[in-house]
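Notes for the structure review
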Amino acid sequence: MAHRIEVAFKGELRDPLGGKIREKVNNQLGLEVESVRTVDVYTIDVPLQREELESLAKGPYSDPITQVWSVDCPLAQDFDWMIEVGLLPGVTDNVGRTAREALEARLEVRLKEEERVYTSCQYLIRGGLSRDEIETIATGLLGNPLVHRFEIRNREEWNSVKGIGSVVPKVTGLTGGRIERFALEVPDEDLLSLSKERLLALSLEEMKALQRYFGRKEIKERRKIRIEEQITDVELEAIAQTWSEHCKHKIFQARIRYIDEDGKEEVIEGLFDTCIRGATEVIRRSLGEKDQCLSVFTDNAGVVAFNEQWSLAFKVETHNTPSALDPYGGALTGIVGVNRDPFGTGKGAKLIFNVDTFCFAPPDWSKPLPPRVLDPKRIFEGVREGVEHGGNKSGIPTVNGSIVFDDRYVGQPLVYCGTCGMMPRYIQGEPSHIKRADPGDLVVMVGGRIGKDGIHGATFSSEELHEASPTSAVQIGDPITQKRMTDFLLVARDRNLYKSITDNGAGGLSSSVGEMASGPGGCEIYLERAPLKYPGLDPWEILLSESQERMTLAVYSAKIDELLELANRMEVEATVLGRFTDSGTFHCFWHGDTVAYLDMDFLHEGVPRMELVARWERPHHEEPEFALSEELTSTLERMLSRLNICSKETVIRQYDHEVQGGSAVKPLVGKKEDGPGDAAAIRPLLDSFEGVVVSSGICPRYSDIDTYHMMACAIDEAIRNNVAVGGNPARMAGLDNFCWPDPVKSDKTPDGEYKLAQLVRANKALYDYTTTYGVPCISGKDSMKNDYLAGDIKISIPPTVLFSVLGKIEDVRRAVTMDAKAPGDLVYVLGMTYDELGGSEYFAMHGYIGNKVPQVQAWEAKELYYKLHEAIMEGVVASCHDCSDGGLGVALAESAFAGGLGMEVDLRKVPSTGVERDDYLLFSESQSRFVATVHPTMQEAFLSIMKGIYLGEIGRVTRGRRFIVINQKGQKIIQGDISRLKEAWQRPLRF
Amino acid sequence: MQGEVRVIVLAGNGINCEYETAYACKLGGADAVDIVHINELLLGERRLDDYHLLCLPGGFMDGDDLGAAKACANRFRHAKIATTGERFWDQVMRFVQKGRLILGICNGFQLMAKLGLIPALGGGYGEQKVTFAFNDSSRFEDRWVHLKANPHSPCVFTKGLERVFLPVRHGEGKFLPASRSVMRKLKEKGLICLQYTDERYRGTTMKYPLNPNGSVEGVAGICDETGRLFGIMPHPEAYLHRTNHPRWTREELPEEGAGVIFLRNAVEYIRENVL
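Residues numbered from 1 in each chain as written. Chains lettered and ligands numbered in written order. Predicted model: local features only at pLDDT ≥ 70, side-chain atom pairs only at ≥ 80, totals over all residues. Heavy atoms only, no water.

Secondary structure summary: chain A contains 30 helices and 45 strands in total. When the accessible surface of chain A is totalled, it reaches about 34500 Å², and 48% of it is carbon and sulfur. Both charge centroids of chain A, one from 115 positive and one from 149 negative side chains, sit 3 Å from each other. (Helix = DSSP H or I, 4+ residues; strand = E, 2+ residues; numbered from the N terminus. Areas by Shrake-Rupley, 256 points an atom, 1.4 Å probe, with all protein chains shown as cover. Lys, Arg positive; Asp, Glu negative; His and termini not counted. Charge placed at Lys NZ, Arg CZ, Asp CG, Glu CD.)

Another point: the environment of A:Ile525. Residue and element names in this part refer to chain A. Along the chain, Ile525 falls in strand E21 (residues 523-526). The class of Ile525 is buried, set by a relative accessible area of 1%. Separated by 487 residues in sequence, Ile525 and Thr38 have C-alpha atoms that sit 47 Å apart. In this view, Ile525 contacts Val513, Leu577, Gly578, His587, Cys588 and Phe589; residues no more than four positions away in its chain are not counted. (Buried < 20%, exposed > 50% of the residue type's maximum accessible area, 1.4 Å probe, protein only. Contact = heavy atoms within 4.5 Å.)

This part takes up the interface of chain A and chain B. Residue-level contacts link 66 residues of chain A with 58 residues of chain B. Surface buried jointly by chain A and chain B totals about 5300 Å² across both partners, of which 50% is contributed by carbon and sulfur atoms. Inspection of the region where chain A meets chain B yields eleven salt bridges. At the surface where chain A touches chain B, the tally comes to 33 residue pairs in polar contact (both at pLDDT 80 or more). When contributions to the side of chain A that touches chain B are tallied by element, the ones reaching two or more residues are helix H1 (16-28), helix H3 (94-107), helix H14 (376-394), helix H16 (479-494), strand E27 (663-665) and helix H27 (887-899) of chain A. Of the residues belonging to the side of chain A that touches chain B, the class tally is 23 nonpolar, 17 polar and 26 charged. (Buried area = accessible area lost by both parts, 1.4 Å probe. Salt bridge = Lys/Arg side-chain N within 4 Å of Asp/Glu carboxyl O. Polar contact = N/O pair within 3.5 Å; in protein donor to acceptor, adjacent residues only side chain to side chain. Nonpolar A, V, L, I, M, F, W, Y, C, P; charged D, E, K, R; others polar.)

If you look at the biggest cluster of nonpolar residues, it comprises 101 residues, and the most contacted ones within it are A:Phe353, A:Phe738, A:Tyr773 and A:Val877. In terms of residues, this core owes the most to one element, helix H23 (residues 707-725) of chain A, which gives eleven residues. Discounting residues that sit within four places of it in the chain, A:Val877 has contacts with A:Val816, A:Leu868, A:Ala871, A:Ile872, A:Ala932, A:Thr933 and A:Phe942. B:Ala79, B:Leu103, B:Leu117 and B:Val182 belong to the second-largest nonpolar core, a separate cluster that totals 89 residues. (Core = buried A, V, L, I, M, F, W, Y, C linked by side-chain atoms within 4.5 Å.)

On to the pairing of E21(A), then. Residue and element names in this part refer to chain A. Where burial is concerned, the two faces of E21 differ: the one with Cys523 and Ile525 is buried and the one with Glu524 and Tyr526 is not. Sheet topology places E21 next to strand E23 (residues 574-580); three bridges connect them, and they run antiparallel. From the neighbouring strand, Ile525 faces E23, where its bridge partner is Gly578. Sheet topology places E21 next to strand E24 (residues 585-590); four bridges connect them, and they run parallel. (Pairing = 2+ DSSP bridges.)

Residues and elements named next belong to chain A. The strand order across the open sheet built from six strands is E27-E30-E31-E36-E32-E33, with neighbouring strands paired in mixed fashion. Whereas interior strands pair on both sides, the edge strands pair on one side only; in this sheet they are E27 and strand E33 (777-783). Ignoring strand direction, the axes of neighbouring strands in this sheet form an average angle of 20°. Bridge count between strand E31 (residues 691-697) and strand E36 (residues 800-809): seven bridges; the pairing is antiparallel. Residue pairing for E36: Gly697 is matched across the bridge by Phe803. Here helix H24 (residues 752-773) sits on the sheet in contact with strand E32 (733-739), E33 and E36, set at roughly 175° to E32. (Axes fitted to C-alpha atoms, helices over the stretch in contact; angles between N-to-C directions.)

On to the packing of H3(A) against helix H3 (residues 70-78) of chain B, then. Where H3(A) meets H3(B), the axes come as close as 9 Å, and the angle between the chain directions of the two elements is 15°. Classified by the angle between their axes, H3(A) and H3(B) sit roughly parallel to one another. In this structure, H3(A) crosses over H3(B), and the sense of that crossing is left-handed. Facing A:Thr98, A:Glu101, A:Ala102, A:Ala105 and A:Arg106 of H3(A), the residues of H3(B) in contact are B:Ala71, B:Asn74, B:Arg75 and B:His78. Among the residues making up the contact of H3(A) with H3(B), the classes are represented as three nonpolar, three polar and three charged. (Parallel < 35°, antiparallel > 145°, perpendicular 65-115°, else oblique. Left-handed = near helix turned anticlockwise from the far one by under 90°.)

Right, dumping it as structure tokens:
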């Protein structure tokens, strides 16, 4: 019988978690409860004496000042309903793991493998609720049926002596060790149903490629010697993973026939090769000696030089589908997962910052929700919390990000998580960004253990989200296990104990070992050696599991003892799984039997290339018709309260943005430390003033008109934000992260050709604008199936690209923030304003899309960026703020209230072309513009540097709180108060 | 080695701020600063006896899974050194008895409180008399706070300090004494060395967000009766240069950040009294 230790706050003390739950029940579910109190439960599946249990309860499991405890006797009393929420068998229980270690330390024992501690939480609720309502609270707020188990009792059902008894969520009943074999010489429909039933996400054509390969005579004969003729489940799963859209980017590799609106045709031999990698090659050639790229597109992250001694590795990933199913676990896994990308790049980089951008449906959603879709507010809070725990607990500052709201993210939120790492450019004389495994090197897995979690993540994210999506795709990250592993690996790296390192993410060992083996040309893996979380996995599951917190190393055999010894000392598990070979074969064993024997060439190159058609038709939207108001003060306040414009301080404050000590430009700036910083600057080396500047651009609303301009604007916005704080436009590198609805025409996607044309156009813009700006993409990622499908409801996200820019500032002491600094400073608008309100927040507020989407004038913008950078470096700019969502009106107001100062500006002085209406001038979203303030004594120097740039001195910063705008007729069209404007901007998403 | 001020900065198992804490020690004038993984101590590869100042940096030791720093306190209390069989706790006690210094920041402060290293009233090291609860806001928060120092405190680290502006970054920072009499003794003996205050440094405050967590009487830092063991919730190592200050682009500030003073005081004390 397992024991239960229960811990609760003393009756007279506040129960903060209970209080928070009560508030959420009232606010989010609209149910009235009087009170909620909580009890932490430790279920200890270890034979222990009562005194031992009491010493645990007293010692590590409770606080003597604030808490009470009990052993094998319930604490719960005085409630109407009791809900106990625990994890389902096999789900990562981080607290349980720590409680087990604490037990070992306290009692000075070593537990057996199967002796575990499990945690759960009891919620004691007072209030007159029905069982249905309690079930809603359980599954709609306290837990997620995909991850949690629930016990519910009312006062009458409660046994005050036994409680609910002890429940041990042990994984049992698994036999494991099975090998299945499949006949491929079967009719097409059987091939397809095999793909579907096993969630392989392989198309008929791909299944037929398998059929052809396995039907070849020489293959059959070779297989007879080593393995049986038929394909095994291990092989089938390994191929499906390697060939998945997630891993192979088949759409970006496809041959596309693109037909534009005039019927002109063009064939594109792979968007990635032509538009993305192609652009980077052109840029690097033209930069010549100034090229800072060290490793692009080949490794887990892109690598650029920071200075002579150090380099930076940067990567952004998405974790959308898991976050839709379990927002907390999905986002947590997203952030700790992307941490392993720079960590698994080159010889491994120490992680220096995180960034995150989310796309959600509005949190005040009131329409009915489609089946199996979680409430947008719950997704928002769960994702936010997941990233909080992942980032904060790992000791990596979260320095930049944004949140975009659109109804069409209701079926599938987007969760972009990025991480930058830093490494010495040379480690023991070898360039750190180069790694290789050679034949004879050992395959070593380090970190966490393997369970069934996350199986099929790679193939699953290559499909749309549907009602029967597998729940094994959900997993919970464990930042502490990962932190221990990274602490160990950095020591091992500096001692040169391994030759190559990569991450176990999507596709698990199959992907990490498979990719690393393509260098030496083969591998032999002994799957039974892999450490498991619980017994009973099938060999294919061991190969494919996406259990987190694991890295794969290639270790020179002479160094293996030293590596294993170090791992042991730092309490990190490391296991030799096999070796790399030059056999040309991906070879897996299970207790001596060959269970996979695949040609490396076929595995990596055998996937048939897709041939697709893209057809562009320009959409036409209604042009808006609404009258210009007499005064725009309340209009400006409404604009500031738009979800896409308002303050995100609530979220930002809950992320540690200062750990590691190098914070120089924070996400919140200004007089009261609450203004919206444009980009973050940090000093990664504490004894130097060289800074990294990171920024991002995202504007999915423009995709409704033309994804070409959406992409151009995202690139421009990211560069512009970077320049605004002092990033050097000549020292920038980009990352592109595409999130698209399925662009392959099929019965499910009749408009696939249009969506593919949108993708083509975005890529064309990426080529055009990155080459003009000279900002090479160094890495990126695509997520191509962001659709929600249930019955006949289909919700596709708007095509969305997050463009991130990694920049450099030579001396952070030159950095500039967006807040107006002093009364009397001159206010400038830099850049030209056009009648470009198509897809703008202003039109959206009036219920229109329009057609005149902002278009980036890149050559003019580039000149502006270089000159502005010079002005900032010369120290003549007091503040600088980028103009984006909400245009000039919003940027000016933000600059004023962040500085706690008034402003008086005249729209007649704004450089503009073809803009007649005052509201359009204020809220047009023309790109490549800034609002800057300059001290009068710096005016001359500023203007002489900025010569040749479209700019207007439009007014002054003033003492006091008045925010005045004079319109084109000379009338005061806005007479605002900065406190009221700020309140309008802070209110929507306040704590 | 003789005559050198030697600092050990603990790392591992979820400690996060070891690099900047070590850098702060260097700026404070320490001659040798070693970042040491906790397992190196437990395996007997390094000994506290070789150092004068032990820094317990911020982070999430063991994920704070059983409550802030609880699991780590349990390990400190019960673990034995692999080579000698000595309890690690005995090494810590010897360190304290020899008159050496301990600084706990954020998670390190929580650890010291739960180990009973502070306030250790009447020299009762090992008895937990204060604790930390979840912030009243129930949230982790990163924000800068104003702190008022107690001029009558025996604290070595805050000597000469009147006021300081530093960031807090925690979710479990609400200071709670075990009883009123503990609080009374803390006050009588001047062990409350730092308290949350307002922008003008007038009095102590319970007002959110000036007092970011609801700490009783705005307590942000306490020491033991010798003044050599000190715990602080805000992060001095996060303000080592003026560009760390959230308003440095709009205010005239000294080049050196205010966080360095704590370490400089400690190093000077060691030079004068310990070496």
